[in-house]
Amino acid sequence: MHSKSGITNIEADPAFKTELESRGVRNLTKCMQCMRCGVGCPVAHAMDFTPTQIIRMAILGMKEEIFASKTIHLCSACNTCTTRCPMEIDVARTMDTMKEMSVESGFEPAERNSVKFNDIFMNVVRARGRVNEPLLFGHYKMKTGTYFDDMEIGMDMIKKRKIKFSPKAAGRDEVRKIIDRFRHKI
Amino acid sequence: MNSVEEHKKFAYYPGCSLKSSAAEYDHSAKAVLGKLGVELVEIPGWTCCGATSAHSLSHDLSIALPYRNLALAEPAGLDIVAPCASCYNRLKVAESTVLSDPAEKDKMDQAVERSYGGKISTLNILEVIVDRVGIDSVMRLVVKPLSGLKVVSYYGCLLARPPKLLGTSNPDNPVELDDLMAAVGAESLFWSYKTDCCGAGHAMARSDIVITLVDKLRDMAIEAGAEAFVTACPMCQTNLDMRQTSASGERLPVFFFTELMALAMGMKEAEGWLSKHIVSPFPLLKKLNII
Ligand code: SF4
Ligand code: SF4
């Protein structure tokens, strides 16, 4: 929110940091903004906030801005940041935790297709116990309307017989129970 | 069973990719391990490890899905080998998480209705070949050294990080693939991108990110003097094989390291596996008289 003076007023949520801690995020407030996480992040070029900025925003409790950001969805979980952080902050886990919280709270994600993909992936695993690539790709394209993206690659895969229908797994009922217990439907 | 045999017997977790788009990795891994005297027993009733999608949606789910597989494997008393870098990563992270946190283990026991107590452990396929079998045994089986083949070894993220949970000794500069390539007569060139990210699970929703990262890897591989990539990760292989753009340069073939080992061991089946690759490796292999 911008005031007349041009100074940004942050609507901070002081409980945000506590919530992250209760979900297993450690050492957050030790961040000294050294920027190692941001500088080494391979996806920073596509993000709206660098991982360094996001960590600061998390400490300040800028929940809305974080949930609305591309950053939490574009993190590829490469764990470069986590490996390099001198203060032992698990930045990648923090990204995942905030992504999980944003999905739980029903926030409209900035990267809708990424969230959809993960949800559809889990639907397929829930139904079959294992990933079935033709079903995953087909459902994803239907749900996102991206029929014509990657047509050439799809044809290549079919020609090379890279796409196969794999059978259902015997343990799929157990997998269904596990997924239903922990997943938040979008 | 005496201890020597037991040492080379493993529970096999293929994972979903190896049963579909990366079938050539499944076949070549089994063939090479078999040749090296490693016995594999597929985990009965294994299910998906959750991959990238589970941990993007729920931390608990990302532990519970691999936990089920750890629990299924434990009664047989054999360590697990998971050739897929992503499956290995998820199984190992689950293992470290529950073994260091009793509350987490209790939660998983309840949710999964099965229990894993840490009697067995998960290894990646490089650890099995390099540490358990040994490079010497590999060298003894080489009948057709891959002379003249210049590759860069690409480990990606998932075999190396996070080192605390995986127990990786050298996350910035792993050498196992390089050593194996040298053992089969190929030249594995030095480059600084061994453990850089290929864009991983963004392939569907944000392929632009994958293309940017993959083209960078390709450019750096060419700068290092390589004519091909070698990898131990189905996700890296798929992204590199499918997403190199031809506009800014040539597309390099992307081998699973087990395919190259099989070629050096004179296995005829290798050509069938290689025919599934999108960037054909045949012109390069023919030029070098490898096939
Ligand atoms: S690397 Fe760690 S300490 Fe440095 S800015 Fe990132 S989170 Fe903060
Ligand atoms: S784990 Fe995510 S935030 Fe950290 S470096 Fe990798 S992509 Fe960037």
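Basis of the calculations
Residues numbered from 1 in each chain as written. Chains lettered and ligands numbered in written order. Predicted model: local features only at pLDDT ≥ 70, side-chain atom pairs only at ≥ 80, totals over all residues. Heavy atoms only, no water. Buried < 20%, exposed > 50% of the residue type's maximum accessible area, 1.4 Å probe, protein only. Helix = DSSP H or I, 4+ residues; strand = E, 2+ residues; numbered from the N terminus. Pairing = 2+ DSSP bridges. Contact = heavy atoms within 4.5 Å. Buried area = accessible area lost by both parts, 1.4 Å probe. Salt bridge = Lys/Arg side-chain N within 4 Å of Asp/Glu carboxyl O. Polar contact = N/O pair within 3.5 Å; in protein donor to acceptor, adjacent residues only side chain to side chain. Near = heavy atom within 4 Å. 1 Å grid on protein atoms, 1.4 Å probe; cavity = no way out; pocket = protein on both sides within 12 Å on 5 of 7 lines; lining within 4 Å. Sits in = over half its atoms within 2 Å of the grid points. Nonpolar A, V, L, I, M, F, W, Y, C, P; charged D, E, K, R; others polar. Domains from an automatic or database assignment. Axes fitted to C-alpha atoms, helices over the stretch in contact; angles between N-to-C directions.

## Topic: the pairing of strand E1 (residues 9–12) of chain B
Residues and elements named next belong to chain B.
- Residues Lys9 and Ala11 line one face of E1 and the alternating positions Phe10 and Tyr12 line the opposite face, and both faces are buried.
- Summarising the sheet, E1 and strand E2 (residues 39–42) pair through 4 bridges and their orientation is parallel. When the sheet's bridge partners are listed, Tyr12 is paired in E2 with Glu42.
- Pairing of E1 with strand E3 (residues 80–82), which is carried by 2 bridges, proceeds in the parallel orientation. The residue bridging Tyr12 from the neighbouring strand is Val81, located in E3.

## Thoughts on the interface of chain B and chain A
- Facing the 57 residues of chain B at the interface are 54 residues of chain A.
- For the pairing of chain B and chain A, the buried interface totals around 4,900 Å² over both sides, and the portion due to carbon and sulfur atoms is 61%.
- Put simply, chain B and chain A have 5 salt bridges between them.
- One salt bridge in this structure joins Glu88 of chain A and Lys164 of chain B, with 3.4 Å as the shortest N-O distance.
- Across the contact surface, chain B and chain A share 15 residue pairs in polar contact (both at pLDDT 80 or more).
- Of all elements in the fold, only helix H2 (15–18), helix H3 (23–35), helix H4 (51–57), helix H5 (59–73), helix H7 (102–112), helix H10 (163–166), helix H12 (207–224) and helix H13 (234–243) of chain B reach the threshold of two or more residues within the side of chain B that touches chain A.

## With respect to the site of ligand 2
All names here are of chain A.
- Residues in contact with ligand 2 amount to 13 residues; listed here are only the nearest, Cys41, Cys75, Cys78, Asn79 and Cys81.
- For ligand 2, the cavity whose grid points lie within 2 Å of the majority of its atoms is the second largest cavity.
- Residue assignment for the shell around ligand 2 shows that the elements contributing at least two residues are helix H6 (80–84) and helix H7 (91–104).
- Its residues assigned to classes, the shell around ligand 2 comprises 10 nonpolar, 3 polar and no charged.

## Overview of the site of ligand 1
Residues and elements named next belong to chain A.
- Around ligand 1 sit 13 residues in total, of which Cys31, Cys34, Met35, Cys37 and Cys85 are the nearest.
- With respect to the pocket detection grid, ligand 1 is positioned in the largest cavity.
- Counted by class, the shell around ligand 1 contains 10 nonpolar, 2 polar and 1 charged residues.

## Points about the domain arrangement of chain B
All names here are of chain B.
- The domains assigned to chain B are domain 1 (8–125) and domain 2 (142–287).
- Taking only C-alpha atoms into account, the centre of domain 1 sits 23 Å from that of domain 2.
- The interface is formed by 25 residues belonging to domain 1 together with 21 residues belonging to domain 2.
- Summed over both sides, the interface between domain 1 and domain 2 buries roughly 2,000 Å², with carbon and sulfur atoms accounting for 73% of that surface.

## Describing the sheet that holds strand E8 (residues 254–256) of chain B
Residue and element names in this part refer to chain B.
- In spatial order, the strands read E6-E5-E7-E8; together these 4 strands make up an open sheet with parallel pairing. Either end of the sheet is taken by a strand with one partner, and the two such strands are strand E6 (187–188) and E8.
- Pairing of strand E5 (residues 150–154) with strand E7 (residues 228–231) involves 4 bridges; the strand directions are parallel. Pairing of Val152 across the sheet is with Phe229, part of E7.
- Here helix H14 (residues 257–264) sits on the sheet and contacts E7 and E8; the angle it forms with E8, its principal contact strand, is near 75°.

## Let's talk about unusual backbone geometry
All names here are of chain B.
- Residues Arg161 and Pro162 are joined by a peptide bond in cis, for which omega reads -5°.
- Structurally, Pro162 can be placed in the loop between E5 and H10.
- Located in the positive-phi region is Ala200, a residue other than glycine, with phi close to 45°.
- Within the secondary structure, Ala200 sits in the loop between E6 and H12.
- Ala200 sits in the buried class, given a relative accessible area of 11%.
- With a phi close to 60°, Asn289 is a non-glycine residue in the positive phi region.
- Mapped onto the elements of the fold, Asn289 is located in the segment after helix H16 (282–287).

## With respect to the side chain of Ser53 of chain B
- With respect to the element layout, Ser53 of chain B can be found in helix H4.
- A polar side-chain atom of Ser53 of chain B sits 2.9 Å from a polar atom in the side chain of Asn118 of chain A.
- With near-sequence residues (within four places) excluded, Ser53 of chain B lies in contact with Phe117, Asn118, Phe121 and Met122 of chain A.

## With respect to the sheet that holds E2 of chain B
Residues and elements named next belong to chain B.
- One open sheet accounts for 4 strands, arranged E2-E1-E3-E4; its pairing is parallel. Looking at the sheet topology across the chains shown, the edges are occupied by E2 and strand E4 (122–124). With strand direction ignored, the average angle separating the axes of adjacent strands in the sheet is 40°.
- Running over the sheet, helix H6 (residues 85–100) touches E3 and E4 and is turned about 150° from E4.

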